[in-house]
Amino acid sequence: MNKYSQLVQQLKKRIEKGELTPGSRLPSIRLLSQQYQLSKNTVIRALTELENLKLLQAKPRQGFFVCAPQKQIPALQPKQVTLGATAFSVLGAANKPGLLALGSAYPDSRWPTVSWYYQQQAKTARRWARANHQRRSHYSTPPGDPSLRKSLADHLNATALSCNSEEIVITQGAQEALSLCLRSVAEVGDTIAVESPCYYGTLQCIEALGLNVLELPSDPVQGTNLDALESALNQWPIKAVLTNPSFNNPLGFNLDLATRKRLINIANRWNIAIIEDDVFAELSYNQQRSTPIKALDTEQRVLHCGSFSKTVDVDIRLGWVLPGRYYEKVNYYKYVTSIACPALTQQAISELLIGRRYRRHLIQVSRSYQERADMLAEDVHRYWPDKTLFIQPKGGILQWFNLPEQINSDQLFKQALKAGIGISPGNLFCADNRFNHHIRLCYAHYTQSEEQVTAIAKLGEMMEKL
Ligand SMILES: Cc1ncc(COP(=O)(O)O)c(C=O)c1O
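Residues numbered from 1 in each chain as written. Predicted model: local features only at pLDDT ≥ 70, side-chain atom pairs only at ≥ 80, totals over all residues. Heavy atoms only, no water.

Caption draft 1: The arrangement of the packing of helix H9 (residues 226–235) against helix H10 (residues 257–270) in detail. Running from N to C, H9 and H10 point in directions that differ by 5°, and their axes come no closer than 11 Å. In this view, H9 runs roughly parallel relative to H10, as classed from their interaxial angle. Contact with H9, carried on its side by Leu226, Asp227, Leu229, Glu230, Leu233 and Asn234, involves Thr259, Arg262, Leu263, Ile266, Arg269 and Trp270 of H10 and no other residues of that element. Residue classes in the contact of H9 with H10 are distributed as 6 nonpolar, 2 polar and 4 charged. (Axes fitted to C-alpha atoms, helices over the stretch in contact; angles between N-to-C directions. Helix = DSSP H or I, 4+ residues; strand = E, 2+ residues; numbered from the N terminus. Parallel < 35°, antiparallel > 145°, perpendicular 65-115°, else oblique. Contact = heavy atoms within 4.5 Å. Nonpolar A, V, L, I, M, F, W, Y, C, P; charged D, E, K, R; others polar.)

Spelled out as structure tokens, the structure:
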């Protein structure tokens, strides 16, 4: 290696190690040539090379300054998902009756409002029984019960975004909403960009529809890497971005307004759809719901999905979509998939949305979930390895853990299952078996009961031995 290349390598190493910090000025050319015993010309050549590499910046009459590190943008490729059947059996095993299910994302349903809802449903059913099933002479059809769409539109207008009832399609939970949206924006073989890690139900749906996935690196603090999205859009014909922007499953991040705006700007520039899965948005611990991406959309390209599964009860199986310009397709696919959602539940949930009952319920449950997140964190700090990393979310019901690298979460999952504890291993949340030392837990039920604390302690013991 010649002298000038040697100097380039030496200075590069010092910058990478942080010995020469971003923004700092390098010694003068004269001093460097004395220090490294090189001619001034050799030093100048090396500094120019480092400038070309964007590691240094030359400022006239001031000298050479160390640049801020360039963000690494990973090269991404669309992939097929082949997760479905495995994930289905893993989830089935972790949800067996009798197991302490800490893995699955279901809310607590022991709240007064949830009982009130079921009483309301029973009352509606009794009224219908008295009327001797003569309510109508034809099937209900999409887009859904008019009274529910009206009360839902009122609720969304008061809390999230402006819309009217004609823009809403009622679905069988958010899972059906996601499936209808994906079918409406893409065809077999098309590519959908998703956060990575990503809710496995999304990946299973993408697989079942014969679509490919492009996984965008994401983390609990920054959220989705939109530089990576832009770089991928330059390379691949991506049809849509599917995002879970608020209290993300599994990472827990909540995208800030600037990132939401950047995402819609990218979608506008590249003429792609955004499927916004906003099922946790109403469970914000500071009672402030983040602005939905849909509220920033001036081109009707966002399909906004919500559900009562996380806020009331998973067994209600009701959700919705505001599909924007894809309304006709979503509405038609809903019809050919399942005709309509059960009219009884639609009417009962509509009653729940009227007045302030539902909003008071959201405040109550969000406060409790925040306390439960703290309780889980306390026990994890007490019983799990010190090197366990996690960032507590500011809403929702899910916690993502980065365990010490030697812990294989699949093995931990199997051992935990034998001990009667259900957890979600990290590799369920991607298309290619990564996140092998990560797990996701749900703390919605975590009240530090003796059984729960013992389970967390037992998981800690297993981790020490793995
Ligand atoms: C991010 C996300 N989207 C959608 C769903 C499906 O919700 P639903 O029960 O409303 O179908 C879930 C369920 O866990 C989820 O976590």
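Text resumes after the structure shown.
Caption draft 2: The layout of surface pockets, seen in detail. Counted as a void, the largest pocket has a volume near 700 Å³. Along its surface, the largest pocket is lined by 25 residues, and Gln175, Tyr199, Tyr200, Lys310 and Arg317 are the ones closest to its centre. Looking at the lining of the largest pocket, the elements with two or more residues in it are helix H4 (84–94), helix H7 (173–185) and helix H8 (200–208). Shared between two domains, the lining of the largest pocket takes at least three residues from each, and those domains are domain 2 (96–108 + 359–465) and domain 3 (111–356). (1 Å grid on protein atoms, 1.4 Å probe; cavity = no way out; pocket = protein on both sides within 12 Å on 5 of 7 lines; lining within 4 Å. Points joined across faces, edges and corners; volume = space filled by probe spheres on them. Domains from an automatic or database assignment.)

Caption draft 3: Looking closely at the domain arrangement of the protein chain. For the protein chain, the domain assignment lists domain 1 (3–66), domain 2 (96–108 + 359–465) and domain 3 (111–356). Distance from the C-alpha centre of domain 2 to the C-alpha centre of domain 3: 26 Å. Counting residues at the interface gives 36 residues for domain 2, matched by 34 residues for domain 3. With both chains or domains summed, domain 2 and domain 3 bury close to 3200 Å², and 61% of this area falls on carbon and sulfur atoms. For domain 2, the biggest contributors to the area lost against domain 3 are Arg359, His361 and Phe429; these three give 21% of the whole. (Buried area = accessible area lost by both parts, 1.4 Å probe.)

Caption draft 4: Quick peek at the packing of aromatic side chains. If you walk through the whole model with that rule in mind, you get 11 aromatic pairs. For the ring pair tyrosine 199 and tyrosine 200, a centre distance of 5.5 Å and an interplane angle of 45° mean the geometry is tilted. Tyrosine 200 gets classed as buried once you look at its relative accessible area, which sits at 9%. Both rings, one in tryptophan 400 and one in phenylalanine 429, keep their centres 5.5 Å apart while their planes meet at 80°; by these two values the pair is edge-to-face. Here phenylalanine 429 lies in the loop between strand S15 (424–425) and strand S16 (438–442) and tryptophan 400 lies in strand S13 (residues 398–402), a separation of 29 residues in the sequence. In this structure, tryptophan 400 and phenylalanine 429 share a single accessibility class: buried. (Phe/Tyr/Trp six-rings, centres within 6.5 Å; stacked < 30°, edge-to-face > 60°. Buried < 20%, exposed > 50% of the residue type's maximum accessible area, 1.4 Å probe, protein only.)

Caption draft 5: Geometry of the packing of helix H5 (residues 112–130) against helix H12 (residues 343–353). As a packed pair, H5 and H12 sit with axes 9 Å apart at the nearest point and diverge in direction by 130°. As summarised for this structure, H5 and H12 are arranged oblique, according to the angle between their axes. Both H5 and H12 take part in a crossing whose hand is right-handed. Contacts between H5 and H12 involve Thr113, Trp116, Tyr117, Gln120, Gln121, Thr124, Ala125, Arg127 and Trp128 on the former and, on the latter, Ala343, Leu344, Thr345, Gln347, Ala348, Ile349, Glu351 and Leu352. Taken together, the residues that form the contact of H5 with H12 break down as 9 nonpolar, 6 polar and 2 charged. (Left-handed = near helix turned anticlockwise from the far one by under 90°.)

Caption draft 6: Spotlight on empty space enclosed by the protein. Taken as a whole and judged by the stated rule, the model has 2 cavities of 30 Å³ or more. Each pocket or cavity is described by its volume, and for the largest cavity that value is around 60 Å³. Lining the largest cavity we find Asp278, Val279, Glu282, Arg289, His304, Cys305, Gly306, Ser307, Thr311 and Trp320. Examining the composition of the lining of the largest cavity, we find that 4 residues originate from one element, strand S11 (residues 302–307), more than from any other. A class-by-class count of the residues in the lining of the largest cavity yields 3 nonpolar, 4 polar and 3 charged. Here the second largest cavity is characterised by a volume of approximately 40 Å³. In this structure, the second largest cavity is lined by Glu195, Cys198, Tyr199, Thr202, Leu242, Asn244, Asn248, Asn249 and Asp277.

Caption draft 7: How the structure looks around the site of the ligand. Surrounding the ligand, one finds 13 residues, the nearest of these being Ala174, Asp277, Ser307, Ser309 and Lys310. Within the backbone of glutamine 175, an N or O atom sits 2.8 Å from an oxygen atom of the ligand. Side-chain polar atom of lysine 310 to an oxygen atom of the ligand: 2.6 Å apart, as the coordinates give it. Burial of the ligand by the protein amounts to 93% of the accessible area it has alone, namely 390 Å². Considering every element that reaches the shell around the ligand, the biggest residue donor is H7, with 3 residues. (Near = heavy atom within 4 Å. Polar contact = N/O pair within 3.5 Å; in protein donor to acceptor, adjacent residues only side chain to side chain. Areas by Shrake-Rupley, 256 points an atom, 1.4 Å probe, with all protein chains shown as cover.)

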